[in-house]
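Chain by chain, the residues run as shown.
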Amino acid sequence: MSSAFKISGLHKAYGSNVIVDDLDLEIEQGEFLVLLGPSGCGKTTTLRCLAGLETPERGTIELAGRPVFDAAARTNVPAHQRNLGMVFQSYALWPNMTVRKNIAYPLKVRKMKDALAAGRVEEAAAMVDTGHLLDRYPSQLSGGQQQRVAVARGLAARPELVLFDEPLSNLDARLRDSVRTEIHRLHESLGFGAVFVTHDQSEAFALGDKLAIMNKGRIEQMGTPQEVFDNPGTDFVAEFIGMANRIELERAGSRWRTRGGNEIELLRELPDAQHVVARLWPDDVALHRAGDRVPDHAVALDAVLLASEFGGRHYDVTVAAGPEQFRLRVASAQHGAWLRSAHEGEPVVISFRPEAMQVYADSAPVAPAQALAATA
Ligand SMILES: Nc1ncnc2c1ncn2[C@@H]1O[C@H](COP(=O)(O)OP(=O)(O)OP(=O)(O)O)[C@@H](O)[C@H]1O
Ligand SMILES: [Mg+2]
């Protein structure tokens, strides 16, 4: 299969600020790539380089095998000839144009007269349930309707690649779910390749064929959602996808000491490391009332309750074990009754299975599947 796009050695700086740093990124045709990363890491800049709205200093970009940018060869195909759709976070609808004219705009720019005549605008509007809004102006639409129109405009020319820059972040939670499902469905039926930028892990896991986690202008990890979930490659990735619990460990002979003074045994030798970091998902940490039995083979730490928040079927609980805080997600059915009346400072015990820990030395993974640990 050929690639939908291929970025190699891309470099973009503003003055002395390097924003995209020797970036390589590629997806197959029809693949849906989700790009996740913190604010300012260069996600929008990368999309703008792909779209031809920014000129990088170095590197190459191919779209469907065709070079559209090559700094060395001075190739730079203008944006309107790159045949890709773009859906911006800000919607960016033209306020002085009706919905019909907004959706028709990419067809007009590409001089697709036949498609215009064949009702492609109406078809695109209907796909996202905005067919009845064609003669309105953007100011006469709700936010959700504007977002749908922006999606219709991005897809109207049937581009092979569509770039979505946080298209759902201005929508309320319910609408976000329904537009997300629509985008998913459209991708399945139309088969376009996509790059979809988001901050939201659940959006990323739900939509992506592949996830790329970006940090400071580079890709830290790329894989399927399952691969990234099972094996976050670095401490940064683990943090970013919601593996919120972080335990700093210092070597203490053959064991490892937490900052709270507990000793944990990592079954794997890490001969060169003095400090490592372990990561745990909130729902892999169990809560026990002081004095309750802790499962055999689990790592147990004494802690105190700091806060608990009701979430329906679960509680989000924060505890402190020594100087380190842990976030737990526990079942209401199991703990709701006493958590409702529990107070801050109440002694508790937390426990986790050693194999639930991902261990990182210097933020590189330590063969996570084998980095088993046992209690001291
Ligand atoms: N035209 C510009 N001139 C100078 N600096 C810029 C310009 N555009 C972006 N930057 C800087 O480049 C960095 C990356 O910006 P970019 O918009 O790509 O980030 P992002 O990953 O999309 O972040 P966010 O999640 O907040 O949208 C930021 O520090 C930003 O201030
Ligand atoms: Mg951005």
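Residues numbered from 1 in each chain as written. Chains lettered and ligands numbered in written order. Predicted model: local features only at pLDDT ≥ 70, side-chain atom pairs only at ≥ 80, totals over all residues. Heavy atoms only, no water.

Looking up the protein in an unreviewed UniProt entry gives the name ABC transporter ATP-binding protein, with the organism given as Nocardioides yefusunii.

1. Observations concerning the site of ligand 1
Stated formally: Nearness is defined per residue: one heavy atom within 4 Å of the molecule or strand is enough. In protein, a polar contact means a hydrogen-donor-capable atom and an acceptor-capable atom, both N or O and within 3.5 Å, with residues adjacent in sequence counting only if both atoms are side-chain atoms; elsewhere, any N or O pair within 3.5 Å suffices. Note on areas: Shrake-Rupley, 1.4 Å probe, and residue coverage restricted to the protein chains presented here. Each helix is a run of DSSP H or I of at least 4 residues and each strand a run of E of at least 2, with the numbering of both proceeding from the N terminus. Following the grouping adopted for this structure description, the nonpolar residues are Ala, Val, Leu, Ile, Met, Phe, Trp, Tyr, Cys and Pro, the charged ones are Asp, Glu, Lys and Arg, and the polar ones are all others, Gly among them.
As a matter of local geometry, ligand 1 sits amid Tyr14, Ile19, Pro38, Ser39, Gly40, Cys41, Gly42, Lys43, Thr44, Thr45, Glu166 and His199. At a separation of 2.5 Å, an oxygen atom of ligand 1 approaches a polar side-chain atom of Ser39. Measuring from an oxygen atom of ligand 1, one finds a backbone N or O atom of Gly42 at 3.0 Å. About the coverage of ligand 1: the protein hides 58% of its 650 Å² of free accessible area. A total of three residues in the shell around ligand 1 trace back to one element, the largest contributor, which is helix H1 (residues 43–51). Looking at the shell around ligand 1 residue by residue, the class counts come to four nonpolar, six polar and two charged.

2. Here's the deal with empty space enclosed by the protein
Any empty space left between the atoms is revealed when a probe the size of a water molecule rolls over them. Put simply, the test is: Method remark: on a 1 Å grid restricted to protein atoms, a set of points is classed as a cavity if a 1.4 Å probe fits but cannot get out and as a pocket if it is open with protein on both sides within 12 Å along at least five of seven lines; lining residues have an atom within 4 Å of a point. Grid points are joined across faces, edges and corners, and a volume is the space filled by probe spheres set on the points.
Across all of its chains, the model carries one cavity of 30 Å³ or more by this definition. Here the largest cavity is characterised by a volume of approximately 30 Å³. Looking at the largest cavity, the residues that line it are Thr258, Gly260, Asn262, Leu301, Ala321, Gly322 and Glu324. Residue classes in the lining of the largest cavity are distributed as two nonpolar, four polar and one charged.

3. Side note on the nonpolar core
Filter applied, for reference: Put simply, a nonpolar core is a bunch of buried Ala, Val, Leu, Ile, Met, Phe, Trp, Tyr and Cys residues held in one set by side-chain atoms that sit within 4.5 Å of each other. The cut-offs for exposure are 20% and 50% of the maximum accessible area for each residue type, with area from a 1.4 Å probe on protein chains only; residues under the lower value are buried, those over the upper are exposed, and the others partly exposed. Domain delimitation follows an automatic or database domain assignment. Contact definition: two residues touch when any of their heavy atoms are within 4.5 Å.
Judged by nonpolar contacts, the single largest core of 48 residues is most densely connected at Ile103, Phe164, Ile183 and Phe196. If one sorts the elements of this core by residue count, helix H5 (residues 143–155) sits on top with five residues. Viewed by domain, this core spans two of them, domain 1 (3–232) and domain 2 (236–375), each represented by three or more residues. Beyond its immediate stretch of four places on either side in the chain, Ile103 contacts Val121, Ala124, Ala125, Leu134, Val149, Ala152, Arg153 and Ala156.

4. Here's the deal with the pattern of salt bridges
The criterion, for reference: The term salt bridge refers to a side-chain nitrogen of Lys or Arg lying within 4 Å of a carboxyl oxygen of Asp or Glu.
The full count for this structure, using the stated rule, is 21 salt bridges. Among the charged side chains, a salt-bridge network with shared partners connects Asp235, Glu239, Arg246, Glu248 and Arg279.

5. Some thoughts on the packing of helix H2 (residues 99–109) against helix H4 (residues 120–127)
The cut-off we apply is this: Fitting a line to C-alpha atoms yields each axis, with helices limited to the stretch in contact; the angle taken between N-to-C directions then spans 0 to 180 degrees. Each crossing gets its handedness from the near helix: less than a right angle anticlockwise from the far helix is left-handed, clockwise is right-handed.
The contact between H2 and H4 brings their axes to 9 Å, and the two run at 115°. In this structure, the crossing between H2 and H4 has a hand that is right-handed. Facing Arg100, Ile103, Ala104 and Leu107 of H2, the residues of H4 in contact are Arg120, Val121, Glu122, Ala124 and Ala125. Its residues assigned to classes, the contact of H2 with H4 shows six nonpolar, no polar and three charged.

6. Some words on the domain arrangement of the protein
Note the following rule: Summed over both partners, buried area is the accessible surface (1.4 Å probe) that two parts give up on being assembled.
You can read the domains of the protein as domain 1 (3–232) and domain 2 (236–375). Using only C-alpha atoms to locate each centre, domain 1 and domain 2 end up separated by 38 Å. Across the contact, 15 residues belong to domain 1 and 11 residues belong to domain 2. For the pair domain 1 and domain 2, the summed buried surface comes to about 1100 Å²; carbon and sulfur atoms form 72% of the total. A per-residue breakdown of the area domain 1 buries against domain 2 is headed by Gln201, Phe229 and Pro232, which together make up 42% of the total. Inspection of the domain 1/domain 2 interface yields two residue pairs in polar contact (both at pLDDT 80 or more).

7. What to know about the sheet that holds strand S6 (residues 75–76)
Backbone-to-backbone hydrogen bonds join strands into a sheet, with any given pair of strands oriented parallel or antiparallel. For clarity, the cut-off: Should DSSP find at least two bridges between two strands, the strands are regarded as paired.
If you walk across this open sheet you meet the five strands as S2-S1-S4-S5-S6, and the pairing is antiparallel. Of all the strands in the sheet, the pair left with one neighbour each is strand S2 (17–28) and S6. As judged from the eight bridges shared by strand S1 (residues 3–14) and S2, these two strands associate in the antiparallel manner. Residue Phe5 lies in a different strand from S2, and its bridge partner there is Ile27. Contacts from H1 reach S1, S2 and strand S4 (58–63) within the one sheet, and its direction differs from that of S1 by about 120°.

8. What to know about H2
Where H2 is concerned, the buried positions are Val99, Asn102, Ile103, Ala104, Pro106 and Leu107. On its buried face, H2 sits against helix H3 (113–117), H4 and H5.

9. Looking at the sheet that holds strand S17 (residues 299–310)
Taken together, the five strands give an open sheet; going across it, the order is S16-S20-S17-S18-S19, and neighbouring strands pair in antiparallel fashion. Strand pairing shows two members of the sheet lacking a second neighbour, strand S16 (286–289) and strand S19 (324–331), which therefore form its edges. On average, adjacent strands in this sheet sit at an angle of 45° to one another, irrespective of strand direction. Taken together, the eight bridges between strand S18 (residues 314–321) and S19 define a ladder with antiparallel strand orientation. Bridge assignment links Ala320 to a residue of S19, and that residue is Gln325. In the packing of helix H10 (residues 332–339) onto the sheet, the strands contacted are S16, S17, S18, S19 and strand S20 (347–352), and the crossing angle to S19 comes to about 115°.

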